[in-house]
Structures are given as structure tokens and as C-alpha cells.
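An overview of the molecular structure
Now for the letters of each chain:
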Amino acid sequence: QPHSGVQANLAVFFSCLKIGDTILSMDFSAGGHLSHGHPLSIVSKLYKIEKYNVNEKNELIDYENLSIIANKVKPQLIIAGASSYSREIDYKKISNIAKNVRAFLLIDMAHIAGLIASNCLKNPIKYCDFITSTTHKTLRGTRGGFIICKKEFEDKINKAIENIENYNKEHSSILNEIKEGIEARNWLRKWIKNWWMMMAISAMIIYIMVKEKIVR
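Quick look at the structure, then.

What counts as what
Residues numbered from 1 in each chain as written. Predicted model: local features only at pLDDT ≥ 70, side-chain atom pairs only at ≥ 80, totals over all residues. Heavy atoms only, no water. Buried < 20%, exposed > 50% of the residue type's maximum accessible area, 1.4 Å probe, protein only. Helix = DSSP H or I, 4+ residues; strand = E, 2+ residues; numbered from the N terminus. Arc of directions from axis to C-beta. Contact = heavy atoms within 4.5 Å. Pairing = 2+ DSSP bridges. Axes fitted to C-alpha atoms, helices over the stretch in contact; angles between N-to-C directions. Core = buried A, V, L, I, M, F, W, Y, C linked by side-chain atoms within 4.5 Å.

**Some words on helix α3 (residues 63-73)**
Every buried residue of α3 is listed here: Tyr 63, Leu 66, Ile 69 and Ala 70. For α3, the arc enclosing every buried residue in end-on projection is 115 degrees, short of the 170-degree limit, so these residues lie on one face. Turned more than 90 degrees away from the buried face of α3 sit Glu 64, Ile 68 and Lys 72, all of them exposed. Packed against the buried residues of α3 are β1 (22-26), β2 (48-52), β3 (77-80) and α4 (91-100).

And the structure:
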């Protein structure tokens, strides 16, 4: 969809969570993303947000502490992925933690998708239930968001996307306006071309008439 990864994340939340369910995600101060539950985001208004952090000494995700928090808060969804985390995430460890507490696992790879696509970082697809990403950051494409999920979630994801897109279709009207604008421009070009031809013919006729009158 021609929007962003935020809508993709919301679609995942709407497909597998109930209002008030618990999400466990990386703290914003440690490099986490706004749409993963920042206090000012809509996500924090709909769901209970718990945070995991990085080790203060090495600035790596503290997986042991993450496991302790997960067992304590029993989240329905764990999110792996960040806006500003300079190391590779151990998806296998987080996957095992999610399985132990029977939580869904969402991996938001928007900021590193290009590195994964080029095999510079490991592909997380076999470790999670959902992957969200964007096409306009490290993939260097046009603006958009996309979701990869297991077959069992396909219908719920599609339904969630419909609910989000039903009241947000400015892109469609813009595309229609562009299309109409192109058609109008082509028509105008033809009209101008014909107008100049008509003017030229009219000028020629007037010239001939005036010349004939002068001759007479």
C-alpha cells in the first residue's frame, strides 16, 4: 500500500490482538520505533505496552532480561526491530522467548530491509509470525509498506488492511486527479495546436481578402 510501515504495523496489531492486550517492544530510548508503543502514539492508547532495553555496558539487547520481562508480563505480541539499533538482532533467541510465553512475534525490518535483501544481515522470516517493512528506506523504492505473514493469518491481515484503507484513500483520488490531469493536458495540447492552425488559416484568409480588396 502506498503509505508507510505504521499502517502495516497497525494491520498486524488489529489482526492478532484485542484492545487492551499486551505488547512487549524495545524502549524508544534504546532505539525502538514510535509505532511500537511510544506513549504519544495511538498504539499506546489501544494496548498495554511493556518495554525491553539494551545492556548499558555493551548497548546490546539484553536477551536474558527480555526473557524475564516476557515471563513476568505475558505479552500477546513481542516486537523485534528498531529505528536506531546498530547491531544485528538475534531473531532465534527472541523467537524462543516468544514461543515460551506463547506470544506472536512481529519483526519490523523497515530500517534494515535493504541489508537483509542484500544478504548483509540474516533473514528473519523463519523465526516469526509477521514481518513488516517499508519500500522507501533502505530498499530505495517508492513510498509504501508491506506485510509478510504465515498463511493462517492471511485473511485477518487482508481484513485489517481493508479496515485501515477504507477511510484513507487519498492516494486513489490523487492518482485519479493525475490521470485526469494528464488527459486534460493532452487535450489542451491538441486544442492549442488546432487553435494555432485555425489562427494561421484565419490570418491567411484575412490576408487574401485584404489583398484582393487592395488589388481591386
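**Notes on the sheet that holds β3**
Strand order in the open sheet formed by six strands is β2-β1-β3-β4-β5-β6, with mixed pairing between adjacent strands. On the outer flanks of this sheet lie β2 and β6 (145-149), each paired with one strand and no other. Neighbour-to-neighbour, the strand axes of the sheet open up by a mean angle of 20 degrees, direction not taken into account. Note that β1 and β2 share five bridges and pair parallel. Paired with Thr 22 across the two strands is Lys 48, which belongs to β2.

**Structural notes on the nonpolar core**
Tyr 52, Ile 61, Ile 78, Ile 89, Ile 94 and Leu 105 are the most contacted members of the largest nonpolar core, which totals 28 residues. Broken down by secondary-structure element, the contributors of at least two residues to this core are β1, α3, β3, α4, β4 (104-108) and α5 (113-117). Apart from the residues within four sequence positions on either side, Ile 89 is in contact with Ile 61, Tyr 63, Ala 80, Gly 81 and Ile 94.

**Let's talk about the pairing of β1**
For β1, a buried count of five out of five residues is recorded, marking the element as mostly surrounded by other parts of the structure. Bridge count for β1 against β3 is two bridges, and the pairing is parallel. Looking at the pairing, Ile 23 lines up with Leu 77 of β3.

**Some words on unusual backbone geometry**
Notably, Glu 59 is not glycine yet its phi reads approximately 60 degrees, a positive angle. When you line up the elements, Glu 59 lands in the loop between β2 and α3. For Asn 119, which is not glycine, the phi torsion reads 65 degrees and is therefore positive. Mapped onto the fold, Asn 119 is located in the loop between α5 and β5 (130-134).

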